[in-house]
Each structure stands twice: as C-alpha cells, then as structure tokens.
Amino acid sequence: MGKPDNFTTINFKWLKFVICGDRIDVADENGVVPVGERCNFAEINVAGFNKPSHSGIKLSPSTEGCRLKYVSHKIEGDALYITQKSDVTEVVTEIKAYDGTSALRANTTVKNVSDEEIVLESVSAFCLPMILKSSTENAKNSYFTSFAQSHHFECQPIRRSFFDCGFADGKPCSQKRIAFSNVGGWSTKEALPQGIIETAEGNVFMFQIESNNSWYYEISDADENFYLYLGGATSEHGSWFKKLSPKAVYKSINAVILKASTTNDAVCDMAVYVADENLPVIFNAYMHLDWDSPDEARTKTYAKFAAEAGAKYYVIDCGWHNEEPGNEVYPYVGQWKESKARFPHGVRATTDYIRSLGMKAGLWIEPEIIGQKCEEMLGFYDEDCFLRRHGKKIAVMGRYFLDYSNEKVYKYTFETIRRMIEDYGADYVKLDYNQEIGVGANGVTESFGEGLEKQSAAYLKWVDDIEKAFPNVIFETCSSGGMRMDYQTLSHFSLVSTSDQTEYEKYPYIVANFLAAVLPEQGAVWSYPVNAYRFEGKPASYELANKLASNETVIMNMVNSFLGRMHLASHIDLLSDEKRALIKEGVEVYDSLTADKKQALPFFPCGFASYGDLNVAAGLKTAEKAYLSVYSLGKAGIFSVNVGKEYEKATCVYPKANELRYSLENGILTVEFSEDYQARFFKLEKR
C-alpha cells in the first residue's frame, strides 16, 4: 500500500480521487490507493471482451473497468464530471452534490467510440471501490442493513454483519456477495433499493438506487478492500442488454450514496429532496369500507362524516367505473367510463356533492393495464399497444399491460385523465398498479430488460405530462401498497402509499421504519378505526362497530398516520360521538404538524423497529423540538425511550385527555402503558 508517484488529488465532498498518469482511482481518507486496483468507479461489461476475474457472478471487476484510461475531469457548479476511455467506449461519470448534506448522486454515460456495434451487458451507476479494508476482524465488526419488502409488511430492516453474510479474510478476493436484485415492474416488492453500511472503522454509508423497474447492488471484496456496486438491470439480473451502434450513447439510472457518522444522520441526509407542501387529510373509501364497490348513496352518507372529521379530500376508489360487480370487475377494466349502475346520476353529481361539503373529490385508476375481458379496449388497441414477450401479450391476474411508448396508449390514457378531471370532477387522482409484469418485454426492443426500462421511462413521462396539464390536481402513486416505493417513482409524485396493511396493530412496524425510505410529506398511511374484517360477515351496525373499536383503537389508528400523510378510512359513520371526536381531534393534530413536517428530519431513538417488537418509537425532529409516536404492541407496562438530554419537556399532544402516566428525566421518556395495544403522540421541547 502507498501513494503513487506524481499524483493529483480531486476532493469532491467526502470523495477523493487520485490521478496518476492515465489512471484515476478512488482514494481512502488518507489519499492512499491500493496497488492492485481492479475495481473502477465505473464498471461496464461489454460482450466479447475479457473479464479479468474468476469472481463468480460479481459485476466488478468488469471488462471495461480495468481497461478505462483517465482522459479529463471538470467541476461545474455542484457537479463533477470524469471522463475515461478505452478503445471501444468513452465513459463519463457524473457526480452531483447537494448543499447541506453528504449525499452524492451519480450516473454513468457510455458512448461507443469503435467502428462496430457493441453490446452492453451491465452498466453501473456508480461503484465505490473502498468501503474499508477486507479482513476477518473488519467483517465481524461491519454491518449491512437492508429493508425487506412484502405486501402488507413494507420497510422491514434486516441487519447482519459482513461475517454472518459469509465474508472473512478472502485474499485476494472471494466469490461471495451481499447482493440483491429486483426484476420486474414492482420495483420494491422484495426489498427497497437502498441499504446502510456500518463499517468497523466508524463510518456509515447509505445508498439508494433510483429505478422504477429492475435494479441491482452488490457488496463484495477485491484487492483487500470491500466495495459497493450500484446499478440498474443487467444481463444476469433482469435479462437486460443494450446494443450500441457506433457513436450511440447509453445513460444509466441514478444512484445516491452518502457518508455519515451515525445511522440516524445517514437517514436524515438522505432526505435531501423536496416533496409536495400541500398535506391535506385524505378520506379514501376503499379500506374497510367500499372496497371495490362504491356507489352514489353510500358515498353521500360517508362523505358527510368525512367532512365533519376534517378531511379535505374524499377519494372514491376502485369501482366508480364499469357495470360488473366489484368482486368481478378487474378483468373488465380499461375504458375508465363511469358506472351508471353504481352512480345513476353520474359520477359528477357525486363529486359535486362532495365539494358542497367543503371537500375536494378524488378518483382511482389503474392506467397501465386493461382487463382480458375488456372487449371495447381490446377492439380499440392494436397489438403493438401491449407489452409482449415472444410475440404474446403478457397477462397477469386477468390483465394485459399497456406500452406507454405507444402513441395510441399515451393519447387514450391522457384523454382518460382529462375526462376524470374535467368531466367527472376529480381534484385528486390515485394511480394504482396491482400486478407484477415480470422480467420485462421485448415487443419493441431485443432484450426483456431494455423493454421494461423503455416502458417505465415512457410511463413516467406520461405522468409528468398529465401533472403539467393539470397542475392543481394531486396525483398519488400506489402499487398494491408500497410495491413501487423507489425514489425514481417518488420524484414524480406528491405522495405514495406505504402499504395496504389491513391490521392497525401491525402498521406501527411500517410506520416506525418508512421514514428511512420516504419523506414525511410523501408517505401515505392508512387510518381505519373500524376493521370490517372483524365483523365476520355480520352486517355493519353501530353496536358492532363500537364494540370492536375502542377509544384506544381509534387513538392508535390516528397516531399511525401522524408521521406521514393521513389516509382516513372505514366506517367512522358508525362510531359514537366520543370516538368521532377523537378522530376530529386527531385530524386537527395532524394538520398542526404540516409546517414542521416541511423542515423535519426522521428521528429513530430506538433504531429501526422489527416485526414482533413489543414496543416501538419513531418520530420527526426540527431544530427546536421533536415529535414522537410511542407504542405498546402486545404487552402493557413501562417503556423507556432515550430521546437525548437536549429535550427537557415532554407533552402528550394526542390524545389531550391522556390518562397514561409518563415522565421525561435526564433524556429518558418513560411511558406506562395500561393496555397491551396502545399508542401516544408526544412533543419534546428543548431548553
């Protein structure tokens, strides 16, 4: 190990590059560069070229990474551009910094500078070659936290040491990886495209990959160092390849990486992007209420109670369209025209009534699919309007998938949104996506992965276009809950559904972690005090609803939604005056947090929550104060939270009529829960 002779150093935020002749490398904090380096910060595999390693399926080292030579670099404003070149590719790495944080956003552009077509098999967004030295001791004392995803159980942390993941002293390198890839259109169905690395040397690195389809990351060792690779779909992970003719260019997705001293600081630094500043309470009639069968009469009944509770929007979810029964409707959807059976006076009459109550109206749509039995649209669309594999339309759960790069699809769905807004009176549109397409499509491209990549980009362009055309409408993204909760998607929407979890006692495990992935201004959380599943087939009634929903049930449901965007739902119309007053009070507390949410950062005084924890706490903090949701989840008793000695006063903000004993002494907030399932919301103030 040692410094090379005649070197030049580039300092860009916390990253250091060392240039020596025609070689540029990422250096450690001391400016020291490994002698053997085979890991480049730009790793590209080109078909037919030699990969200089027997390192299994690892993407680093790559065919181009070891052959690239330094050409030039420049700093323009907050961005660094580094150009490298081989005999077949010219590679530009762009790294952008963000004021006030350590976050660096990177991507890679590859140009074919040869005289022949080349085939890209993988392109990194960025590769950090030096996380720390690889040794058994470091492996035992370094940790990686990933976030597992599943329908109803989003944002679940898994923390393991590098050693437990299979690393030891594997000189010069091992074939082992800490790796994950998403393949398909649900970008976050199994894991979030992000992770946190805590090194034995005391550094914390956090990353996120910005892809709304397939993506891949790997942590492994090379030349006595652990490295981190971040990128999109690859030949091995997502059936992706890209043919480049001479002078053609391909640009990778973006990835963000940052360096901090603690996990909480890392999560706060990742919250560098601005979301919607309008944070109204939404009442959505789907969950535990209408499900897939709204109608005119019930909507008018429920809307009055939603307005009394303080909701600003009332969303009519799936079923306002089509004449088929709700439990049969999905294979027939695609026209997106109002149902005369369920709304005999027209949807507009109902949305006008909602506005007469002082609220705005919303409608649901699943614009990327049509049902297999939707004869009208099957007759309208041409074969090339659909995503296909091997010449056949892709079908999942009775739906076909539309190709948004097709002009006919773009125009019809754009007109559909116009009709929903201007004719049917929608002030809010919920865009859902309830199926997983799989590896991709090759109807308009040669590789499945590139087809999915092209379609995903076309869909987001359509989203941008409808938002530009209708700037006063709120657009929500949902994918069976949080199955597409990646930042590439989030950057195009005001808010995202965090989950379709139907049990309020389980939602806190999502609430306690989702701020690691989503800004509080964007994360929509259901609040449904009346669980319709617990009716067990009995007719909904005042007596049954109040028997099943206690005051503490109402309180926990409201607290669940305080840290994000409140989506109120369920039979609140059947609750007693006392319980509806608790809901109204909760809405008022939520509204009072709006100003602070715009500047607040995540607060995890107990770390991330794991499913099954008996106590959970998570919150938001500003420069002057903090807010904390505190839960008992299965066992009454005392729960103590180390919130920090800078906080000297604690107030139970919700409910105001709190009967639980609590105290704050020497930075320890202690709450004495009297029931197994309870929640309270506190404000913590500094001196």
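For the structure, see preceding data.
Anyway, here's the lowdown on the structure attached to this text. This one's a predicted model, so the numbers in the text were calculated from it and none came from an experiment.

Conventions adopted
Residues numbered from 1 in each chain as written. Predicted model: local features only at pLDDT ≥ 70, side-chain atom pairs only at ≥ 80, totals over all residues. Heavy atoms only, no water. Phe/Tyr/Trp six-rings, centres within 6.5 Å; stacked < 30°, edge-to-face > 60°. Buried < 20%, exposed > 50% of the residue type's maximum accessible area, 1.4 Å probe, protein only. Helix = DSSP H or I, 4+ residues; strand = E, 2+ residues; numbered from the N terminus. Salt bridge = Lys/Arg side-chain N within 4 Å of Asp/Glu carboxyl O. Core = buried A, V, L, I, M, F, W, Y, C linked by side-chain atoms within 4.5 Å. Contact = heavy atoms within 4.5 Å. Pairing = 2+ DSSP bridges.

1. Examining the packing of aromatic side chains
Here a ring pair, both rings aromatic, is described through the centre-centre distance and the interplanar angle of the planes.
Right, so step 1: Taken as a whole, this structure holds 40 aromatic pairs when the rule is applied.
Right, so step 2: Summarising the aromatic geometry, the rings of Tyr-381 and Phe-386 are spaced 6.0 Å apart at their centres and angled 85° between planes, so their arrangement reads as edge-to-face.
Right, so step 3: The class for Tyr-381 is buried, based on a relative accessible area of 5%.
Right, so step 4: Aromatic side chains Phe-603 and Tyr-647 sit 6.2 Å apart centroid to centroid with 45° between the ring planes, which places their arrangement in the tilted category. Highlighted residues: Phe-603 in strand β33 (residues 601-603) and Tyr-647 in strand β37 (residues 647-654), separated in sequence by 44 residues.
Right, so step 5: One aromatic cluster is present, formed by Phe-144, Phe-180, Phe-207, Trp-215 and Tyr-217 through successive ring pairs.

2. A short note on the pattern of salt bridges
Right, so step 1: Under the criterion given, the structure shown has 35 salt bridges.
Right, so step 2: Linking Glu-366 and Arg-399 is a salt bridge whose minimum nitrogen-to-oxygen distance equals 3.6 Å. With Glu-366 in the loop between β22 (360-365) and β23 (369-371) and Arg-399 in strand β27 (residues 399-401), the pair connects residues that are 33 residues apart, well separated along the chain.
Right, so step 3: Look at Glu-366 and you get buried, because its relative accessible area is 0%.
Right, so step 4: We classify Arg-399 as buried; its relative accessible area is 4%.

3. Topic: the nonpolar core
What tends to happen in soluble globular proteins is that the nonpolar side chains get buried as a cluster.
Right, so step 1: Judged by nonpolar contacts, the single largest core of 135 residues is most densely connected at Ile-417 and Leu-431.
Right, so step 2: At seven residues, helix α8 (residues 448-469) tops the list of elements feeding residues into this core.
Right, so step 3: Look past the residues within four positions of Ile-417 in its chain and what remains in contact with it is Ile-365, Val-429, Leu-431, Trp-462, Ile-466, Phe-470 and Phe-475.

4. A word on the sheet that holds β23
Right, so step 1: Strand order across the open sheet formed by three strands is β23-β27-β26, with antiparallel pairing between neighbours. Among the strands making up the open sheet, the edge pair consists of β23 and β26 (395-396).
Right, so step 2: Pairing geometry for β26 and β27, over two bridges, is antiparallel. Looking across to β27, one finds that Val-396 is bridged to Arg-399.

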